Structures are given as C-alpha cells and as structure tokens.
Amino acid sequence: MVELSVAVVAVVDDDEVAQEPSNQAIRPQHYVSKKPKWWVALSGRRGTKAQRQAIARMTDRGFAMPKDILANFSRVNNRAERALEAEGYSSVTVEGLNSWRRNWLNQAFGVIEMDARQEPIHLAPHPFGDDIPSCNEKYRKEVESMFSYTNPLDHRVYGEIWLEIGFGSGVNMIANAKKHPNNLFIGAEIHQPGIGSLLGQIEIENEVDGGNLRVVPGDGIKLLSILPDEYLDRILITFPDPWPKDHQAAWRVIQSDVLRQMRRVLKLNGLALVATDAQCFDEWTMKTFEQESNWKLVSPCPDRKEWLPCVSYYEQKGINEGRSTRLQCWQTV
C-alpha cells in the first residue's frame, strides 16, 4: 500500500453592526458568517457556464464533495450534538460522534487511516443506532444517501492532511498538491467562480498526482465545526477579506472561537499559517492568537515556498499598489 499525505452564527443586521462601539468591535470573540447585503452582491456572482460544468464533472469524479451530501452530513452532525444534551439517545457519546465524523469523512475524502496494528480503520456505525431514520423522517432518503456516500477516487493512506480556507482561484492549492504528492489537500471556498476555476484547471492539466486534492464548497470556518478532533496537520488562511473598519471586525475569519475550533481539529504541533497584505488584519491576527493559551508563535515563519509557493492575482495586485505580504505561523501546544 502506498503511503501518501493529505492536505484536506449569528445573524447581524447591517445597521446594528454600524452602530457597534469601536472598543467592542476590536475585541476578538465570535465569528459572524452572515455578511452584509452589499458584500454578497459584490462577491456572490455565479461562475460561468464552463465553470459550472467543470464543477459538475469534477464532483462526479470525486474531486469536490457534493453540496447535498455535505449539507446532510452537517444536519446529522448537528442533530447528534443536540442529542448529547437530550434524553432518549443514550447511544450518542462524544467519543462515538467524533469517531463517526472521522471515519465518515475519511470515506468521503478517500482517506485510509491505519490503527496501531497498521490495519485499515473501517467506517464506524452512525451514533444514532436505529433512531436516525425516525428523527430525520423529512430527509430520510437524503440522509441514507449521505451515509452510503463513498468517494469514487482511489482511497489511499496519506502522510498529512492540509486544509486551505478560502483558496481563491486555487493556484496555491494546485502548486502545493504537486509539490507534496504524498499529502492530501482539502480546500474550502465560498465563491463559485474560484471553485470552477480550480476544478477546471485540474481537469485540463490532469497533473494532480493521484488526485490528492479535494474541494469543499462553502464557508471553511463552518467546516471546522464538523471536522473530528486532531484531524489536520496544517491550516492555511491566505489573503482573507481584512474587513478593515472597526465595526466590521466580527466578519474577520480570525476570532477567538475560530482559534479554539482550529486548535481542536489540528494535531499536536500542527500549524496555522496566515498570509495577508493588510496591516490591520495582521495586527488583529497577532493579538487574537496571543490571547489564546494553546498556541505559540513560530518565528521565523516557515519558508513560503513550502506552503505559499505562488503569487496570486490578488497578492500581485497588492504588491503593485504598494502593499507587502505579511506572514504568520502559529503552532499548537
């Protein structure tokens, strides 16, 4: 068997955000995923017809997770979390839920994990036992389809799993997948044009060794909440929207609650790598990490050639406008 590595909220009214006192806005705390209407209008455009067709084809091939499968996995996961605090579902335990998350995602991403005896770990039973159809009657067929979903690509043992949150057009993700063929790279992106651009490029070039790249359509911060404990080796956050105004601070992806989720899903000594060309976001990131006890700053930051090998269109635009790229690396302890 070849051993490889893998690099896999609240609603806030616009007026309320605008009136938020600045001394509260600059205190890192909770991530707000819902953005203002003007931002959605600017960034929520659909991909081109060619991009949408590429997404459909590459989803069928296993490079992207189907949105309906992901939605039902999230639905069952959330139901199980609520059941942990309710009576009548004694079969649901924290350990059982985490084990099921891990093994289902391995099946969905095409990952083989080995146990202490170097034998493959098989899919654990879902944590609801026989109760799952009755408690999800409305979505019974969809949920049953989700439980049986298996990635059609070859399932392999990977050395590491990396997650890139907000990969843009995907040039960095493709370069990393080629540079580290023994790792699995998971990318989360909310914008359809970026997803279509990445998958279209993979389809045309056909150069990603062994298919060691997966795309999860949607908010990567939300994805963290459904990942199992100690699943990832690295998390990359490259050039997120800095939301430079104080009253926009809750929309920044680096928040105290986000760092706690990142710490949960990263292995011990795992790395969080952040790149930005906005001084305000760089300072915000430093301050937020410093407030958390389970992280330590890695200085100097690892050579960007090892994790940020490409200069994207966005980064080059910033350079042309006189902005410099700022890098940070934090390690779990």
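Let us look at the structure shown here. Every chain is numbered independently, its residues counted from 1 as its sequence is written. Local features are withheld for residues below a pLDDT of 70 in this predicted model, meaning they are given only at 70 or higher, and side-chain atom pairs are given and counted only at 80 or more; totals for whole chains, interfaces and linings count all residues. Hydrogens and water are ignored here; the side-chain numbers use all heavy atoms of the structure.

1. Some thoughts on empty space enclosed by the protein
Inference 1: Of the pockets and cavities examined, the largest cavity occupies roughly 40 Å³.
Inference 2: Think of a 1 Å grid over the protein atoms and nothing else: a 1.4 Å probe that fits but is trapped marks a cavity, an open set flanked by protein within 12 Å on at least five of seven lines marks a pocket, and residues with an atom within 4 Å of a point count as lining. G62, F63, A64, M65, A108, F109, Y149, N151, R214 and V215 together form the lining of the largest cavity.
Inference 3: Under the scheme used here, helices are H or I runs from DSSP no shorter than 4 residues and strands are E runs no shorter than 2 residues, and both carry numbers assigned from the N terminus. Those elements that place two or more of their residues in the lining of the largest cavity are α6 (94–109) and β3 (213–217).
Inference 4: Charged means Asp, Glu, Lys or Arg here, nonpolar means Ala, Val, Leu, Ile, Met, Phe, Trp, Tyr, Cys or Pro, and polar covers whatever is left, Gly included. Of the residues contributing to the lining of the largest cavity, the split by class is 7 nonpolar, 2 polar and 1 charged. Grid points are joined across faces, edges and corners, and a volume is the space filled by probe spheres set on the points.

2. Side note on helix α9 (residues 171–179)
Inference 1: A simple rule labels every residue: compare its accessible area, found with a 1.4 Å probe on the protein chains alone, to the largest value its type can have, and call it buried under 20%, exposed over 50%, or partly exposed in between. Buried within α9 we find N172, M173, I174, A175, N176 and A177.
Inference 2: Note on definitions: a residue-residue contact is assigned when non-hydrogen atoms from the two residues lie within 4.5 Å. Against β1 (161–165), β2 (184–189), α10 (192–205), β3 and β4 (232–238) lie the buried residues of α9.

3. A look at the layout of surface pockets
Inference 1: Within this model, the largest pocket holds a volume of roughly 1300 Å³.
Inference 2: For the lining of the largest pocket, the elements supplying multiple residues, two or more each, are α3 (37–43), β1, α9, β2, α10, α11 (220–224), β4 and α14 (313–320).
Inference 3: Considering each element in turn, the lining of the largest pocket owes the most residues, 4 residues, to α14.
Inference 4: The residue makeup of the lining of the largest pocket, split by class, is 21 nonpolar, 12 polar and 10 charged.

4. So, the nonpolar core
Inference 1: Counting residues in each nonpolar core, the largest one holds 53 residues, and the members touching the most others are W104, L224 and M262.
Inference 2: Beyond its immediate chain neighbours, meaning those up to four positions away, L224 contacts L163, I165, I235, V258, Q261, M262, R264 and V265. Put simply, buried Ala, Val, Leu, Ile, Met, Phe, Trp, Tyr and Cys residues joined by side-chain atoms within 4.5 Å make one nonpolar core.

5. Overview of the environment of G218
Inference 1: Tracing the backbone shows G218 in the loop between β3 and α11.
Inference 2: C-alpha separation for the pair G218 and K67, spaced 151 residues apart in sequence, amounts to 8.5 Å.
Inference 3: Beyond its immediate chain neighbours, meaning those up to four positions away, G218 contacts A188, E189 and I190.

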